[in-house]
Structure formats: C-alpha cells, structure tokens
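Chain by chain, the residues:
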Amino acid sequence: MAGQDDKFKKLVAHCKEYGFIFQSSEVYDGLSAVYDYGPYGVELKNNLKSYWWKSMVQMHENIVGIDAAIFMHPKTWKASGHVDAFNDPLVDNKDSKKRYRADVLVENYLDKIEAKINKEVAKAKKRFGDSFDEAMFRKTNPRVVANLEKHETIAKRLANAMRDSDMPGMKTLIEELEIACPESGSKNWTDVRQFNLMFSTQLGNIAGEEGKLYLRPETAQGIFVNFLNVQKTSRQKLPFGIAQIGKAFRNEIVARQFIFRMREFEQMEMQFFIRPGDEMKWYEYWKAARMKWHNAIGHPAEKLRFHDHDNLAHYANAAVDIQFDFPFGFKELEGIHSRTDFDLSSHQELSGRKIQYFDPELDKNYVPYVVETSIGCDRMFLATMSHALQEETVPDAKGKDSVRTVLKVHPALAPVKCAVLPLLRNKEELTEKARKVYNNIKHSFNCQYDEKDAIGRRYRRQDAIGTPYCITIDFDTLEDDTVTIRDRDTLKQERIPIGQVEDIVRNKVDMKQLFLED
Ligand code: GAP
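A quick note: this is a predicted structure, and the numbers were derived from the prediction, not measured.

1. Here we look at the overall build of the chain
The secondary structure content of the chain amounts to 18 helices and 23 strands. With the principal axes as the frame, the chain shows a C-alpha extent of 80 × 65 × 55 Å. Counted over contacts in the chain with a minimum sequence separation of 6, partners at least 24 positions apart contribute 66%. Carbon and sulfur atoms make up 49% of the accessible area of the chain, which totals about 25900 Å². Across the chain, the mean location of the 77 positive side-chain charges is 2 Å away from that of the 79 negative side-chain charges.

2. What about the site of the ligand?
Looking at the ligand, there are 21 residues lining it, with E218, E252, M262, E269 and E332 nearest. In this structure, R250 approaches the ligand through a side-chain N or O atom, which is 2.8 Å from an oxygen atom. Taking E332, its side chain carries an N or O atom lying 2.6 Å from an oxygen atom of the ligand. In isolation the ligand has 560 Å² of accessible area, and contact with the protein removes 94% of it. Of all elements in the fold, only β10 (264-274), β13 (329-340) and β16 (369-376) reach the threshold of two or more residues within the shell around the ligand. The element best represented in the shell around the ligand is β13, accounting for 6 residues. A breakdown of the residues in the shell around the ligand according to their chemical character gives 6 nonpolar, 5 polar and 10 charged.

3. Re the sheet that holds strand β21 (residues 469-473)
The strand order β20-β19-β21-β22-β23 describes an open sheet built from 5 strands, whose pairing is mixed. Either end of the sheet is taken by a strand with one partner, and the two such strands are β20 (447-449) and β23 (493-497). Neighbour to neighbour, the strand axes of the sheet diverge by 25 degrees on average, direction disregarded. Strand direction decides the pairing type here: β21 and strand β22 (residues 482-487), joined by 4 bridges, are antiparallel. Within the sheet, the bridge partner assigned to I471 lies in β22 and is I485. Contacts between helix α15 (residues 455-465) and the sheet are confined to β19 (418-422), β20, β21, β22 and β23, with β19 contributing the most and set at about 170 degrees to the helix.

4. What about the sheet that holds β10?
Pairing within the open sheet is mixed, and its 7 strands lie in the order β3-β9-β10-β16-β13-β12-β11. The outermost strands of the open sheet, each flanked by one partner alone, are β3 (63-66) and β11 (304-308). The sheet shows a mean angle of 25 degrees between the axes of neighbouring strands, taken without regard to direction. With 4 bridges joining them, β3 and strand β9 (residues 240-249) adopt parallel strand pairing. Within β9, the residue paired with V64 across the bridge is I242. Against the sheet, helix α10 (residues 227-234) makes contact with β3, β9 and β10, and its axis sits at roughly 135 degrees relative to β9, the strand it touches most.

5. Regarding the packing of aromatic side chains
Using the criterion set out here, one finds 24 aromatic pairs in the structure. Measuring from ring centre to ring centre gives 5.6 Å for F240 and F273, while their planes differ by 35 degrees; the resulting arrangement is tilted. Within this pair, whereas F240 is found in strand β9, its partner F273 is found in strand β10, the two being separated by 33 residues in sequence. Since its relative accessible area comes to 0%, F240 is described here as buried. Taking the centre distance of 5.2 Å and the plane angle of 75 degrees together, the rings of W282 and Y285 count as edge-to-face. Of this pair, W282 and Y285 both sit in helix α11 (residues 279-296), 3 residues apart, which is roughly one turn of that helix. According to the relative accessible area criterion, W282 is buried, its value standing at 15%.

6. Let's talk about unusual backbone geometry
Geometrically, the link from L238 to P239 is a cis peptide bond, its omega value of -5 degrees lying close to zero. Phi at T340 is positive, roughly 50 degrees, even though this residue is not glycine. Turning to its location among the elements, T340 is positioned in strand β13. You will see that L491, though not glycine, has its phi angle at about 65 degrees, which is positive. Relative to the helices and strands, L491 is located in the loop between β22 and β23. Exposure remark for L491: the relative accessible area of 25% places this residue in the partly exposed category.

7. Overview of the pairing of strand β18 (residues 401-407)
Working note: regular strand, side chains alternate between the two faces of the sheet. Inspection of the sheet shows strand β17 (residues 389-395) paired to β18 by 7 bridges, in the antiparallel sense. Counted as the bridge partner of E392 is R404 from β18. The antiparallel hairpin formed by β17 and β18 contains 5 residues in its connecting segment, where G399 sits at a positive phi of about 85 degrees.

8. What about the pattern of salt bridges?
The final tally for this structure, using the stated rule, is 40 salt bridges. When the shortest N-O distance is used, the salt bridge between E264 and K247 registers 2.7 Å. With E264 in strand β10 and K247 in strand β9, the pair connects residues that are 17 residues apart, well separated along the chain. Its relative accessible area of 29% is what places E264 among the partly exposed residues. When the shortest N-O distance is used, the salt bridge between E502 and R506 registers 2.8 Å. Here R506 and E502 lie together in helix α17 (residues 501-509), a separation of 4 residues that amounts to about one turn. Sharing partners across several salt bridges, the network here consists of E392, R404, K408, D463 and R486.

9. Quick notes on the packing of helix α5 (residues 102-128) against helix α8 (residues 167-176)
Contact pair α5 / α8: the axes reach a minimum separation of 10 Å and the direction vectors enclose 35 degrees. Where α5 crosses over α8, the handedness of that crossing is left-handed. Residues A102, D103, L105 and V106 of α5 pack against M170, L173 and I174 of α8. Classifying every residue of the contact of α5 with α8 by side-chain character gives 6 nonpolar, no polar and 1 charged.

What counts and how
- Residues numbered from 1 in each chain as written.
- Predicted model: local features only at pLDDT ≥ 70, side-chain atom pairs only at ≥ 80, totals over all residues.
- Heavy atoms only, no water.
- Helix = DSSP H or I, 4+ residues; strand = E, 2+ residues; numbered from the N terminus.
- Contact = heavy atoms within 4.5 Å.
- Areas by Shrake-Rupley, 256 points an atom, 1.4 Å probe, with all protein chains shown as cover.
- Lys, Arg positive; Asp, Glu negative; His and termini not counted.
- Charge placed at Lys NZ, Arg CZ, Asp CG, Glu CD.
- Near = heavy atom within 4 Å.
- Polar contact = N/O pair within 3.5 Å; in protein donor to acceptor, adjacent residues only side chain to side chain.
- Nonpolar A, V, L, I, M, F, W, Y, C, P; charged D, E, K, R; others polar.
- Pairing = 2+ DSSP bridges.
- Axes fitted to C-alpha atoms, helices over the stretch in contact; angles between N-to-C directions.
- Phe/Tyr/Trp six-rings, centres within 6.5 Å; stacked < 30°, edge-to-face > 60°.
- Buried < 20%, exposed > 50% of the residue type's maximum accessible area, 1.4 Å probe, protein only.
- Salt bridge = Lys/Arg side-chain N within 4 Å of Asp/Glu carboxyl O.
- Left-handed = near helix turned anticlockwise from the far one by under 90°.

Treat this as a map of the structure, not an account of what it does.
And the structure:
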C-alpha cells in the first residue's frame, strides 16, 4: 500500500511539474476537487477525446454526434429523476467534524476484507508454488471462507439500504461494523441523511424556485431530449446511437484522489436506441466493444475488469462498470447501463409531447429502449497516465546505469509527437537547419523545437512528457541531409534522410494504428 501511495504521489507531482494538471485557482490556495489542464494535459486529453469520438462516431455509420448545452429546462431533471433521486448518503463525525459518504465508509471496510483474502491467497500461492489450486483454496480455507461470507453479507446489506434509501439502516450498519472516522478514530456519528448532488443557479432576474436552473450532472439528458430532432434530421433507423462529449457537474460530498472524483468533470457518453426486448443483446455487445477500446491503447487485461452493480441507479435494469486498477486500487472508469425506456418515457409524460419511433418493419410506434456507455474523460486521463508513467534504469551516454522517468503513452495519444533538437544551441548553422526541419513538419502533427540544455537533458524532458520521437540535427546533417531519430521506448538511434522523418513519425502516431490493432 505504501508503494502504491508513493506511486500516486509521484504521479500527481509529475502532472504538476510537467504541465499536465494544475489545481484550479492555485494562487488562492485552490478550489477543492476542481482542476485545470496545462499545455501537455490538454493535448493528451484532446487526443483521448478524439480517440473516443473517432471510434464511436466516425467508425459507426449508425452513430452520430451532438453538442448540447449545459443548461437545460429545469423540468428535464424532474423527469430524469435527478431532482428526487440523485442523492448520496451523507454522514458527519461529531468529533472530527469531517463529512463522509456513508456508502464509501462501508465500501472501504469491504475493501479491507478483500485485501485480507488476497493476502491469504498470495501467501498460500507462494507456499504451494505450481501445484496451487486457487479456486479450491478459496472454497476450503476456513479463514478465506469466513471472510468471503462476511463480505457477501455486508455487501448485500449495503445494496439493500441504498436501494431502499434506508438511511437508519445505513447508520446501523456503520455502528455494527464499528467503523471509525479515518481522521480521528472516533465512532461518534450523526444520523445518515440524503444529499442531492446537483448544483443549482438562478436564471436571469427570476427569483425563487421559478428561476432555478441546474448544471447538468450527466450529459445524457441532452441526448434524450434531442432524440426526435436527431433521428429525423440524420434519417437514422433503429438501432442507432447519439454520442456527446461535454462537461458535467456534481456536488460530490467527498472529493478526493486527484482528478478521480471532481465537482466539474467531462463525460463521453453514447446512448444507443434499440427495440424493446433487444436490450440484453446490445448490452453484451457494448460491454465487449468498450473493453476492446480500452485494450487497444495498451492497457493490459489484468488492469481492467468488469464489476456488476450491486445497487442499480434509478433508471437502469442492468449495469456494469469497467474498473481500472488505479494506484489506489480497482475503481470505476466507465459505466455501461441498460436504461430501458425510462428517460424517453418520462420526458414524454412530463412534456406532453410524443417521443416515439415508427418502426417500419414492425409497422408500429414505440418508445425505444436505450443502452448507454458512459466514461469520464478525466478518469480515462488518470488511468492512461498511471499506466504509462514509469521509472526505468537505462544506460546513460557513458554506458552507466541511470534512472529515467518516461511516459510510455501510446504514440497516437502522446501530447507531442516529435521533438526537433539541434545538437548545440550556439551554432547558428545547426539551429537554422533544425528550425527548417521543424517548420516543414509542424503542419502534420504536434511538434516541439527545443535548443535549451545539453542534448541528454532534452531527451529526458521529452521522455517525461511521452514524446515518441526525437530528431537531432548535428554537423553530419549539414553535410548529407540526414538526422538521428531516437525512439522513446527502445532508445534506439538511427540515421535517416530528413525526407523520411515526416512519414516515419506520421505512420507511428496515426490514430489509425489503434484501429488496425483490432
Ligand atoms: N449517464 C450515466 C452516468 O452519468 P455515472 O456512472 O454516474 O453514469 C459515468 O458516470 C462516468 O462519469 C463514470 O464512470 C466516471 O468515469 C465519470 N464520473 C462520474 N462522476 C465523476 C466525478 N465526480 N469526477 C470524475 N468523473 C466522474
């Protein structure tokens, strides 16, 4: 755990030092759970968005995109259920005055039981070596069996309390498990109460409830209320999808873990409209498709897993998370939800407008069902950074071991694709030539010209921001128009003609590579 904490601290420090992420309004000591993306952060984030958009919209004839407004008619949130049911259970510790999400306190307790089980399994694996039968061990070892049963019972009680909005039941659970405040160790808790997560603001000069507006807590509703507009104008037939990338806002009770849980964040959502009855088929289809998308950028299978929801949101009849192994453990990265006809039917009812689809094959009208895929852009950023950021020992210029920090992000996602470096800064013939090379290729992809510091330090700086290629212009370049191209991952340096630079880099960083790797 200490190792993981350490890794996470290094990641946060790296994000700041190299201009990926800054705390919002830092000069005023920051605003809790709100972050700004710096020069390299915005490039990586835009590339992640572009990868999502291309694979969802451009690669599917039957998915189209929109960009809906953040403000929506307040009735939207009544119909969607967010006014009444978008709550988290909140509890305060009377001694430390710290505020917590009651369900998270219980989940953390469950994580500790899981860690005990995993420790027991790892110990036995070490003892028995190749002959170890993990499934059998989990079924028969008395300590593991007892902990598994305990885990299951608590998880079920938590899910039931959440489903039934049973706040006294939640408090009883916390008391029975003797959960203490992580800050103070005190078990002196207030009652658990529901807290609505939507931010509100006021429209123009209309006072009171009449003018109350919400900042959208999910982008999906902008898609639902536009269903007919989009279906008619894009002439799509079911099944078809509408995709959107945009900001969402949630007044999270506890916002920790850097950009994992923020109050202002970005979502990439797609609603897939289908015939009623087809939902489980499409639910399975999108589960598989989305996992493939994650694997294609090099996130290994063991860092990703499906986790079925124990506690379904008010709109869903089936839901699964794709969890990623973040530095603080497996946590939700993306959700895939079968939302039935809940949203379209609710909007139809509250607006009084018919929101239906005429199915020519069945010769009838109906309210379509929906399977949604919803991923947080910032969580995807954190997953990508945490997997890609590595420290490794490599030989330095004199052949001695040295440690380098390298961001081994997929070249198609890298903030800078190619750095052009004159060997020496004070030789005008080198800098002039290097500028020429830079000016020739900067139209094709994001390049950087850098002449400051010794060449070795410049290489390390590019490694730290994930640049796949460095091009060095030296005295031979002036003679024969060749340059050295250095590969970030293999550290191999090759001599190539200047004329080949653009093609080599383009081929490696083209997003097409991500789709060819299917
Ligand atoms: N439309 C469905 C929906 O919003 P969700 O599971 O509440 O479902 C979807 O959110 C995704 O949005 C999550 O999987 C997560 O990646 C991201 N997300 C949710 N809350 C977030 C927060 N406070 N900060 C950062 N990302 C968040």
